[in-house]
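Here is how the chains run, residue by residue.
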Amino acid sequence: LFDGIYPFYPQQRKAAGFDISTIIVTVVFLTLACGFLLITPGIRGRARLYWTLRVLLSLFVGVVIVVVQFTGDWESGWVQANTSYKSFSPVQVSADIGLHIGLAGLNVTLRGNPVQQINETIDYNEHFAWSFGADYDHSYSQGLQKGLPSPILYVAEKFSSQSPCGVHGQYRIAGHYASAMLWVAFCTWVISNVLLSMPALVYGGYMLLATGAFMIFSLLSFSTVRSSPMCPIQIGSSTLHVAYGGSFWLMLAMGLLCVMAGITIVAMHHLNLDLLKTFFDLREDKAEEHQEMLEVFINPHFVSKSL
């Protein structure tokens, strides 16, 4: 032993706090937002406020659509229990066990309470993927070979394809279709931004309506997993229950926001087009175009005598 560590064996992996894909997407959208904020001093008058509101709100909707693809809290739940730590061992630990379900897989968290117990650091966050390009059962078998703590293996086993619970295929297919709907929503979001900047305001409003509709369709697709009862996850004397998490409710809020924004744009196009053009900074451009055509200067040197 070297300070209580076996020097010739792989060490326990540290629990990950963030997904690298989420960080990359967030940095990209923050770069776009910062780039826009740098040019806002060049926008004059009230148009600066309108441009800032439109661009930042649109970027926020876009980053939410992409980020929730990689988050793991569409459904989540926590329970505190006294449970066995390893198989074939009577030693029990006090720990917080968390289950976080995303579109592409689930994370099982085991955190000691306190973290240091039985001369070990109990802080795990293991990911088990079930997307179409991943093998959930293989990930679970690797966890068995690595000797992961019993609570993690017990929770992960409930979602395996061999489990009598039968929820593996349902979560896998629901997550796949929800992800597909979100990518379609991202495409319609891009098209709506293009149409609103062309400008084709009413068609941009229609595409915002489509964006919100596909976001809500993704929620409905994921909600189909609730059609069948969930197997009880009994850990010690406590039961782990899951409920809709932050990503689900954030996506619902963004979907309703897009629907309301689309309805507002379409309604304003038919009821008060001038106000809509003012918000999108179009009236001033038209006025400048007409103002430029009020006077025409002709050089008589280039005008033919017949004219």
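Residues numbered from 1 in each chain as written. Predicted model: local features only at pLDDT ≥ 70, side-chain atom pairs only at ≥ 80, totals over all residues. Heavy atoms only, no water.

1. As for the UniProt feature "transmembrane region" (unreviewed entry) in the protein chain
Working step 1: If you check UniProt for "transmembrane region" (unreviewed entry), the listed places come out as residues 20–39, 51–70, 177–196, 203–222 and 242–267 in our numbering.
Working step 2: Structurally, residues 51–70 comprises 85% helix and 0% strand, and the distance from its first C-alpha atom to its last is 30 Å.
Working step 3: Within residues 242–267, the helical portion is 85% and the strand portion 8%, while the C-alpha atoms at the span's ends are 40 Å from each other. (UniProt positions renumbered as here; feature names shortened; annotations may be inferred. Helix = DSSP H or I, 4+ residues; strand = E, 2+ residues; numbered from the N terminus.)

2. Here's the deal with the pattern of salt bridges
Working step 1: Per the stated rule, a full pass over the model turns up 3 salt bridges.
Working step 2: The shortest N-O distance in the salt bridge between Arg 111 and Asp 123 comes to 4.0 Å. Within this pair, whereas Arg 111 is found in strand E3 (residues 105–117), its partner Asp 123 is found in strand E4 (residues 120–129), the two being separated by 12 residues in sequence.
Working step 3: The partner of Glu 126 in a salt bridge is Lys 146, and the shortest N-O contact between them spans 3.9 Å. Within this pair, whereas Glu 126 is found in strand E4, its partner Lys 146 is found in helix H3 (residues 136–146), the two being separated by 20 residues in sequence.
Working step 4: By relative accessible area, Lys 146 is classed as exposed at 52%. (Salt bridge = Lys/Arg side-chain N within 4 Å of Asp/Glu carboxyl O. Buried < 20%, exposed > 50% of the residue type's maximum accessible area, 1.4 Å probe, protein only.)

3. A look at the pairing of strand E2 (residues 92–101)
Working step 1: Of all 10 residues in E2, 8 are buried; the element is thus mostly enclosed.
Working step 2: As judged from the 10 bridges shared by strand E1 (residues 75–84) and E2, these two strands associate in the antiparallel manner. Bridge pairing links Ser 76 to His 100 in E2.
Working step 3: Here 7 bridges tie E2 to E3, and the two strands are oriented antiparallel to one another. When the sheet's bridge partners are listed, Ile 97 is paired in E3 with Leu 110.
Working step 4: In textbook terms, the turn of a hairpin is the stretch between consecutive antiparallel strands, and for E2 and E3 this stretch comprises 3 residues. (Pairing = 2+ DSSP bridges.)

4. Digging into the side chain of Asn 107
Working step 1: Position of Asn 107 relative to the elements: it lies in strand E3.
Working step 2: Judged by relative accessible area, which is 18%, Asn 107 ranks as buried.
Working step 3: A distance of 3.2 Å separates polar atoms of two side chains, one belonging to Asn 107 and the other to Asn 125.
Working step 4: For Asn 107, the residues in contact, after removing those within four places along its chain, are Gly 98, Leu 99, His 100, Asn 125, Glu 126 and His 127. (Polar contact = N/O pair within 3.5 Å; in protein donor to acceptor, adjacent residues only side chain to side chain. Contact = heavy atoms within 4.5 Å.)

5. Some thoughts on the packing of aromatic side chains
Working step 1: The tally for this structure, following the rule as stated, stands at 16 aromatic pairs.
Working step 2: Judged by centre distance (6.3 Å) and plane angle (80°), the ring pair of Trp 74 and Phe 248 falls under edge-to-face. Here Trp 74, found in the loop between helix H2 (47–67) and E1, pairs with Phe 248, found in helix H7 (residues 246–271); they are 174 residues apart in sequence, far enough to count as distant. The same class applies to Trp 74 as to Phe 248, namely buried.
Working step 3: Residues Tyr 244 and Phe 248 carry aromatic rings whose centres are separated by 4.0 Å and whose planes lie at 5° to one another, so their mutual orientation is stacked.
Working step 4: Aromatic rings pair up to connect Trp 74, Phe 128, Trp 130, Tyr 136, Phe 159, Tyr 171, Phe 222, Tyr 244, Phe 248 and Trp 249 into one cluster.
Working step 5: When the ring centre of Trp 51 is taken as reference, the NZ or CZ atom of Arg 54 above it lies at 4.4 Å. (Phe/Tyr/Trp six-rings, centres within 6.5 Å; stacked < 30°, edge-to-face > 60°. Lys NZ or Arg CZ within 6 Å of the ring centre and 35° of its normal.)

6. Section: unusual backbone geometry
Only a minority of non-glycine residues have a phi that is not negative, and only a minority of peptide bonds are not trans.
Working step 1: Looking along the chain, the bond that leaves Asn 113 and enters Pro 114 is cis, with omega of 10°.
Working step 2: Even without being glycine, Ile 118 reaches a positive phi, approximately 40°.
Working step 3: For Ile 118, the location among the structural elements is in the loop between E3 and E4.
Working step 4: For Asn 119, which is not glycine, the phi dihedral falls at a positive 60°.
Working step 5: Tracing the chain through its elements places Asn 119 in the loop between E3 and E4.
Working step 6: Residue class for Asn 119 comes out exposed when judged on its relative accessible area of 82%.

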